[in-house]
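Fold and geometry: a report
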Amino acid sequence: MKQNNMLAMILAGGRGSRLHDLTNKVAKPAVSYGGKYKIIDFPLSNCANSGIDVVGVLTQYESVLLNSYVAGGGRWGLDARDSGVFVLPPREKADANLDVYRGTADAISQNIDFVDNYDPEYMLILSGDHIYKMNYAKMLQSHKENKADATIAVIEVPMKEASRFGIMNTDPETGRIVEFEEKPAQPKSNLASMGIYIFNWKLLRKMLLADMKNEESSHDFGKDIIPALLNDDKRLFAYKFKGYWKDVGTIDSLWEANMDLLDKKNGLDLDDRTWKIYTEDKPSLPQYISSEADVKHAFITQGCIVEGEVKNSVLFTGAKVGAGAKVIDSVLMPDVVVEDGAVVQRALVADGVKIGSGASVGSADSEHIELVAKNVKG
Amino acid sequence: MARALGIVSFSENHIWVEGMETYRSIAAFPFLGRYRVVDFPISNMSNSGIDRVQIYIRRKPRSLVEHIGTGRHYNINSKSGYLQMLFTDSSEENDYYNTDIKAYADNLDIIERASNTHIVIVPGYMVYTQDFNALLKTHEESGADVTILYHGVDNAKEAFQNCYCVNLNKQKGVASMEMNSGSKKNRDIFMDTYVMKKEVFINLIKEAQKVSSMYTLRKIVNEKCIAEELDVRGVAHKGYFAPITDFQSYYDANMALVDIKVAKELFKDEWPIYTRTNDSCPTQHFDTSDVKASFIANGCLIEGTVENSIIGRDCVVKPGAVVKNSIVLSDTVIGNDVHIENVVVDKFAKVTHLKEIIADPKKPGYIKRLDNV
């Protein structure tokens, strides 16, 4: 809190049901990405690198793994005095029954007491399932310069896709938001909300208390809080983000986001030493590429052992590719084993799955990426 | 039950690794791409349940201190346990007075005050894995005063040149220790590893100080063996063992592990080797890359050929470059069309202008830290 008087809350409750078997036992923010990361490493590392000391993580769906993963905050350096990562699942209170979070805004409302402990001036709301790098300190600076009540990060999307997003219509001179439209049929702008908000906490607190009592409300930032603020003629500003940003909702898009890493100019620039993404470190050997292996155009991390062919693929921590096996256009999640002679093509193989010797999964010309979530016998 | 205090010791004065030791102690030498030599003794202790560890540092502390830091990555409880880094601040002009005995004597009050009953002393310059809990048990059951580790080898003529050997009697009692003269093939190499009761240790240090200010622990233990004043027993170590005692042995110790079968002897799932993470992203292999029989740490950009080599973190191997039988330490650049063979490239070096550096594997080449060639 000492650094910039801004507290961050990460919404990490979503299941991400279009990721099918990948999110059977874990919430979407805990899904593995990019060889060694989990998706939630991105907002957490962004917070750490932006000088934010206190982060609340709001969990709900299958939160056990996520809880144990983020608790403590040491992995992101968020464990100094007056600093911490706090896991906030729904809880029973003296004056309220145990209730699930009814929406994104309700998740914050139910934790007003937690926030009050820190008495921040600003509140940063983040989503736990987006992949991007962003300096929230710069966004806060813009928020202050605009003397804004709320600032919403936006990204330009292709006009023809704009109707899939929450769209901000702004005054082109000042960037002030004049209108917010959720998934408009006829979009007037291509500035899509990234679900990243900075609010003046006093105002948000008041709004949330009112929203809790409003039975009509769906208790959602996009659907309820933002329209209410605009209605009250509050000063809402858009903060334009330029760079890599991905909301991986489906198996195809998760695969694609991994494949993006094979292009050195992908814009995410994981290699940037000044803005590292921190994650869990496992005690494993550096990757080993054997004398029979053939590796081209691949993103491979520690703990991997490659004895076969790997082309245009991403291998996560501890993945193994046996002799004579082929892994092409695929993503192997942590500890996947592709045994000798097996073939994996255009597939995303889930954590720990074993592809038996000589088996074949996926196909080179499939429309969609095959998700392999169960062991395949050889 | 015996509860041991761990001591990671430094090497004796006759050991000096040309080039690399100018920048850091052997304990801080990078090893197999992502480790430091000291990770092995500390992980052994951590895995053996030894959670109080003293690490003695004789010179050039920066690199080692940075690497060990709070010690949290070694999985040692930071409240009931500790990792202490102790410097020998000798004002003596002559390094020969800066001995391990002097270092222990300077810190004897800490050792005396510790509630631990036993001391396990392991070298910070040898790479091996060992369950010290099992060794403690053997030690207690035997009733010996001191138990030491040795490793039987059959190539003592050409290797282990700066090591000591133990001469054992039939009961595995240590009769004496002597420098490896290279005259015999089969020798039992002393692993500079001891287990003893704390009182025995303290008495040895106090006595050694009285006798000679150039004494080392090995010297006094050897004399006690010869005089039969202490019952010193040897336990044979099995598995990978590599003392780093000169530049050749550093090179050979790394290169031996490029054979994954050998590496699997040292790295077992049930015996993790911990190290400090650098949070580098995974390594990128490009279309032009051709990697064979190599270990590659994270954060590298590989566009060239790498064969039978070890590449450290955050290295760049440019298109057309060929790296063969070499050890490339972190943050180095091997430029376009550069061919290196049998070379150790130290950290932050850039090899771009000189297009060919080929050394003899029996006399590997060395490129200095931060060098531009």
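Conventions used here
Residues numbered from 1 in each chain as written. Chains lettered and ligands numbered in written order. Predicted model: local features only at pLDDT ≥ 70, side-chain atom pairs only at ≥ 80, totals over all residues. Heavy atoms only, no water. Axes fitted to C-alpha atoms, helices over the stretch in contact; angles between N-to-C directions. Helix = DSSP H or I, 4+ residues; strand = E, 2+ residues; numbered from the N terminus. Parallel < 35°, antiparallel > 145°, perpendicular 65-115°, else oblique. Contact = heavy atoms within 4.5 Å. Expected span 1.5 Å × (residues − 1). Buried < 20%, exposed > 50% of the residue type's maximum accessible area, 1.4 Å probe, protein only. Pairing = 2+ DSSP bridges. Salt bridge = Lys/Arg side-chain N within 4 Å of Asp/Glu carboxyl O. Phe/Tyr/Trp six-rings, centres within 6.5 Å; stacked < 30°, edge-to-face > 60°. Lys NZ or Arg CZ within 6 Å of the ring centre and 35° of its normal. pLDDT = per-residue confidence, 0-100. Buried area = accessible area lost by both parts, 1.4 Å probe. Polar contact = N/O pair within 3.5 Å; in protein donor to acceptor, adjacent residues only side chain to side chain. Nonpolar A, V, L, I, M, F, W, Y, C, P; charged D, E, K, R; others polar.

**Topic: the packing of helix α6 (residues 198–211) of chain B against helix α7 (residues 217–226) of chain B**
Residue and element names in this part refer to chain B. Between α6 and α7, whose axes approach to 10 Å, the crossing angle comes to 100 degrees. By the criterion of interaxial angle, the relationship of α6 to α7 is roughly perpendicular. Note on element contacts: α7 touches α6 through L217, I220, V221 and K224, opposite F201, L204, I205, E207 and A208.

**Let's talk about α6 of chain B**
The end-to-end C-alpha distance of α6 of chain B, which contains 14 residues, comes to 20 Å, matching closely the 20 Å that a straight helix rising 1.5 Å per residue would cover. Residues of α6 of chain B that are buried include every one of K198, V200, F201, I202, L204, I205 and A208 of chain B, and no others.

**Structural notes on the sheet that holds strand β21 (residues 322–324) of chain B**
What holds strands together in a sheet is hydrogen bonding between their backbones, with the strands either parallel or antiparallel. Residues and elements named next belong to chain B. An order of β15-β18-β21-β24-β27 is seen for the five strands of this open sheet, with the pairing classed as parallel. Each edge of the sheet is formed by a strand with only one pairing partner; in this case those strands are β15 (290–292) and β27 (356–358). Sheet twist, expressed as the average angle between the axes of neighbouring strands with direction ignored, equals 5 degrees. Pairing of β21 with strand β24 (residues 339–341), which is carried by three bridges, proceeds in the parallel orientation. What sits directly across from V323, in β24, is I340.

**As for the pattern of salt bridges**
Taken as a whole and judged by the stated rule, the model has 34 salt bridges over all chains. A salt bridge links D231 of chain B to R233 of chain B, with the shortest nitrogen-to-oxygen separation between them at 2.9 Å. We classify D231 of chain B as partly exposed; its relative accessible area is 28%. What makes R233 of chain B partly exposed here is its relative accessible area of 26%. Taken together, the shared-partner salt bridges in this structure form one network comprising D294, K296, E309, K311 and K326 of chain A.

**Comments concerning the sheet that holds strand β28 (residues 365–367) of chain B**
One open sheet holds the ten strands; their spatial order is β24(A)-β21(A)-β18(A)-β16(A)-β14(A)-β16(B)-β19(B)-β22(B)-β25(B)-β28(B), and the pairing between them is mixed. For this open sheet the edge positions go to β24 (354–355) of chain A together with β28 of chain B, each flanked by a neighbour on one side alone. Of the pairings in the sheet, the one linking strand β16 (residues 305–306) of chain A to strand β18 (residues 320–321) of chain A comprises two bridges and is parallel in character. What sits directly across from V306 of chain A, in β18 of chain A, is V321 of chain A.

**So, the side chain of Q130 of chain B**
All names here are of chain B. Along the polypeptide, Q130 turns up in the loop between β7 (126–128) and α5 (132–142). You can call Q130 buried: its relative accessible area is 15%. Excluding anything up to four places from it in sequence, Q130 contacts N44, S48, L135, L149, H237 and W271.

**Things to note about the pairing of strand β1 (residues 4–9) of chain B**
Residues and elements named next belong to chain B. A large share of β1 lies buried, amounting to six of its six residues. Burial along β1 is two-sided: the residues A4, G6 and V8 and L5, I7 and S9 are all buried. Note that β1 and strand β4 (residues 52–57) share three bridges and pair parallel. By the bridge assignment, I7 is partnered in β4 with Q54.

**Focus on the packing of aromatic side chains**
Per the stated rule, a full pass over the model turns up 22 aromatic pairs over all chains. Seen from their ring centres, Y288 of chain A and F295 of chain B are 4.7 Å apart, and the 50 degrees between their planes marks the pair as tilted. Of this pair, Y288 of chain A sits in strand β14 (residues 287–289) while F295 of chain B sits in strand β16 (residues 294–296), on two different chains. You'll find Y288 of chain A and F295 of chain B in the same group, each marked buried. Three or more aromatic residues joined by ring pairs form one cluster here, namely F31, Y35, F40 and F267 of chain B. Just above the ring of W255 of chain A sits the side chain of R346 of chain A; from NZ or CZ to the centre is 5.4 Å. Against the face of Y35 of chain B rests R34 of chain B, its NZ or CZ located 5.7 Å from the ring centre.

**Quick word on the confidence of the model for chain B**
In this model, chain B carries an average pLDDT of 93, and 98% of its residues clear a pLDDT of 70 or more. Here the predicted complex scores 0.92 on pTM and 0.92 on ipTM.

**What about unusual backbone geometry?**
The phi torsion at D335 of chain A lies on the positive side, around 60 degrees, for a residue other than glycine. As for its placement among the helices and strands, D335 of chain A is situated in the loop between β20 (331–332) and β21 (337–338). D335 of chain A gets classed as partly exposed once you look at its relative accessible area, which sits at 44%. With a phi close to 55 degrees, F160 of chain B is a non-glycine residue in the positive phi region. If you trace the backbone, F160 of chain B turns up in the loop between β8 (146–153) and β9 (164–168).

**A closer look at the interface of chain A and chain B**
Residue-level contacts link 39 residues of chain A with 37 residues of chain B. For chain A, the biggest contributors to the area lost against chain B are L285, P286 and Y288 of chain A; these three give 20% of the whole. For the pair chain A and chain B, the number of links is three salt bridges. For D281 of chain A, the salt bridge goes to R34 of chain B, with nearest N and O atoms at 3.1 Å. Taken together, the connections running from chain A to chain B amount to 25 residue pairs in polar contact (both at pLDDT 80 or more). Contributions of two or more residues to the side of chain A that touches chain B are made by β14 and β15 (294–300) of chain A. Each residue belonging to the side of chain A that touches chain B can be placed in one class, and the counts come to 17 nonpolar, eleven polar and eleven charged.

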